[in-house]
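# Structural features, examined
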Amino acid sequence: MIQVGVNGYGTIGKRVADAVAEQPDMELVGVAKTRPNHEAETAVRRGYPLYAAIPERADQFADAGIDVAGEVDELVAASDVVVDATPSGVGEQNLELYDDYDTPAIVQGGEGADVADVSFNARANYANALGADSVRVVSCNTTGLSRLLAPLQEAYGVEKARVTLVRRGGDPGQTDRGPINDILPDPVTIPSHHGPDVNTILPDLDIDTLGMKVPATLMHTHSVNVTLDAAPDADEVRDRLADENRLFLIPDDSGIDGSGKLKEFAMDAGRPRGDIWENCIWEESITVEGSDLYLFQAIHQESDVVPENVDAIRAITGDEDADESRATTDDRLGVGLDSVFADAP
Ligand code: NAD
């Protein structure tokens, strides 16, 4: 059993902790938190050993009536791998601690690409992370783009990808990002950081990205144009994308016209926290003009990186079988949204 510690128990950390606890080959050693807030209560309710991320604040947990199992360095020492899900920039600082204990670590997409040995996406470059000391699971948007572009590149070759990312202004719990009512080119300069970030995963891919931010919290939406080397018809592309378990094709007849209904669909399907681990591609939008492919996809920023973190844990511990890892992760989490409309004539 791979012993896994999670340092930073917020939006990403709590989801990764739950996903790790579901895996047949992993054991969650515990989670580290900076303060005894509602998320600490969630950890207690789930029975996860809680460690104090900042030793000087350990007393605050006792004052709040929450028992801690120890301090963060004890969590790191007891773990075969640490998943760091602290805010951007903190992960980089924490790498020294993981290094002190010779514990390999996974950091998140908010860290710069140069802080870790390798940037990671399970569909595109699993093997690069085998046995690494540190791995960066790329951001939600880069994950969504890599999952889409890797199979397109394999099947048809990509001459150039152009993507406009319409990004949510903040996560639902990020009250400090609002109230907001605006539409921003963000950044106003081109390209946005996403294209170069995709190149940390798919180095040879020619891609330009433009970013916008809108007053929404549910999901990001990508408007995608890929010039392929080949000129397949739209049905063929649709079938190929449908074969990818982490891509969900939103059926034409489902009536899902935006991220609001997508989230509703996920909640009705019983998804924990309404999470959508898959890219959601509007089937009707898949259009090919010559060798130009167009489509729209929505990305659930809070959860699409979760299965990738689980696979990164296996890769960093040297488990060589990428297909098997992805299959186990997907099976245990229930990745692979289905719709009865998918087979409609
Ligand atoms: P978050 O703010 O929701 O959670 C971070 C948690 O870490 C909080 O509970 C915070 O109290 C805790 N923390 C702060 N300092 C700490 C420290 N020194 N030690 C331990 N814990 C500490 O942030 P998040 O959204 O989960 O983001 C975490 C990382 O994941 C970032 O790199 C971010 O860019 C990346 N990411 C976020 C999203 C998203 O949409 N939320 C998507 C993909 C990747």
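Note that the structure is predicted; figures quoted are calculated from it, not measured.

Quick look at the pattern of salt bridges now. If you walk through the whole model with that rule in mind, you get 25 salt bridges. Notably, a salt bridge pairs K14 with E39, separated by 3.1 Å at the nearest N-O pair. Remark: E39 occurs in helix 2 (residues 38-46) and K14 occurs in helix 1 (residues 11-21); sequence separation between them is 25 residues. In terms of burial, K14 and E39 fall into one category: buried. Connected through shared salt-bridge partners, D25, R147, R246, E308, D311, R314 and D330 make up one network.

This part covers a negative patch on the surface. Among the surface-exposed residues, E96, D99, D100, D102, D117 and D133 lie close enough to one another that they form a single negatively charged patch. Tracing the sequence through the fold places D102 in the loop between helix 5 (90-100) and strand 6 (105-107).

For the rest of this paragraph, the subject is the packing of aromatic side chains. This model, assessed by the stated rule, comprises 2 aromatic pairs. Ring centres 5.9 Å apart and planes at 55° place the aromatic pair F120 and Y126 in the tilted group. With a centroid separation of 5.9 Å and 10° between ring planes, the pair formed by F248 and F265 is classed as stacked. With F248 in strand 13 (residues 247-250) and F265 in helix 10 (residues 259-268), the pair connects residues that are 17 residues apart, well separated along the chain. Its relative accessible area of 23% is what places F265 among the partly exposed residues.

Domain assignment breaks the protein into domain 1 (2-138 + 305-333) and domain 2 (140-304). Computed over C-alpha atoms only, the centres of domain 1 and domain 2 are separated by 26 Å. Counting residues at the interface gives 26 residues for domain 1, matched by 23 residues for domain 2. Interface area, domain 1 with domain 2, both sides summed: about 1900 Å², of which 46% is carbon and sulfur. Interface area lost by domain 1 to domain 2 is led by R15, R123 and V138, which between them contribute 33%. Summed over the shared surface of domain 1 and domain 2, the number is 10 salt bridges. The interface formed by domain 1 and domain 2 contains 16 residue pairs in polar contact (both at pLDDT 80 or more). Where the side of domain 1 that touches domain 2 is concerned, the elements lending two or more residues are helix 1, helix 2, strand 7 (118-120), helix 6 (122-125), helix 11 (306-316) and helix 12 (322-333). Per-class residue counts for the side of domain 1 that touches domain 2 are 10 nonpolar, 6 polar and 10 charged.

Right, let's get into the nonpolar core. Grouped together as the largest cluster of nonpolar side chains are 45 residues, with contacts concentrated most on V31, I106, F120, V135 and I313. At 6 residues, the largest contribution of residues to this core is made by helix 11. Built from parts of two domains, this core gets at least three residues from each of domain 1 (2-138 + 305-333) and domain 2 (140-304). Look past the residues within four positions of I313 in its chain and what remains in contact with it is I2, V4, V20, M26, V81, V83 and I106. By size, the runner-up hydrophobic cluster in this structure holds 29 residues, among which are L149, L152, L202 and A234.

The subject of this paragraph is helix 5. Since the α-helix turns once every 3.6 residues, residues separated by three or four places project in the same direction. Residues of helix 5 that are buried include every one of G91, N94, L95 and Y98, and no others. Projected onto a plane normal to the axis of helix 5, the buried residues spread over an arc of 130° and lie on a single side. Counted as exposed and oriented over 90 degrees from the buried face of helix 5: Q93, E96, D99 and D100. In this structure, the buried side of helix 5 is in contact with strand 1 (2-7), helix 4 (72-78), strand 5 (81-84), strand 6 and strand 8 (134-137). The positive-phi residue at the C-terminal boundary of helix 5 is D102, with phi of around 55°.

A few words on the side chain of R136. Mapping R136 onto the fold places it in strand 8. At 3.5 Å, the side chain of R136 and the side chain of T200 are in polar contact. Excluding residues within four positions of it along the chain, R136 makes contact with V107, Q108, G109, E111, G112, A113, A116, V118, S119, F120, D197 and T200.

In this section: the sheet that holds strand 1. The parallel open sheet is built from 8 strands, whose spatial order is 4-3-2-1-5-6-8-7. Sheet topology places strand 4 (70-71) and strand 7 at the edges, where each strand pairs with a single neighbour. Two elements, strand 2 (residues 26-33) and strand 3 (residues 50-52), share 3 bridges in a ladder whose sense is parallel. In the strand pairing of strand 3, K33 is matched with A52.

How each quantity is defined
- Residues numbered from 1 in each chain as written.
- Predicted model: local features only at pLDDT ≥ 70, side-chain atom pairs only at ≥ 80, totals over all residues.
- Heavy atoms only, no water.
- Salt bridge = Lys/Arg side-chain N within 4 Å of Asp/Glu carboxyl O.
- Helix = DSSP H or I, 4+ residues; strand = E, 2+ residues; numbered from the N terminus.
- Buried < 20%, exposed > 50% of the residue type's maximum accessible area, 1.4 Å probe, protein only.
- Patch = residues over 30% accessible without salt bridge, like charges linked within 9 Å, V, L, I, M, F, W, Y side chains within 5 Å.
- Areas by Shrake-Rupley, 256 points an atom, 1.4 Å probe, with all protein chains shown as cover.
- Lys, Arg positive; Asp, Glu negative; His and termini not counted.
- Charge placed at Lys NZ, Arg CZ, Asp CG, Glu CD.
- Phe/Tyr/Trp six-rings, centres within 6.5 Å; stacked < 30°, edge-to-face > 60°.
- Domains from an automatic or database assignment.
- Contact = heavy atoms within 4.5 Å.
- Buried area = accessible area lost by both parts, 1.4 Å probe.
- Polar contact = N/O pair within 3.5 Å; in protein donor to acceptor, adjacent residues only side chain to side chain.
- Nonpolar A, V, L, I, M, F, W, Y, C, P; charged D, E, K, R; others polar.
- Core = buried A, V, L, I, M, F, W, Y, C linked by side-chain atoms within 4.5 Å.
- Arc of directions from axis to C-beta.
- Pairing = 2+ DSSP bridges.

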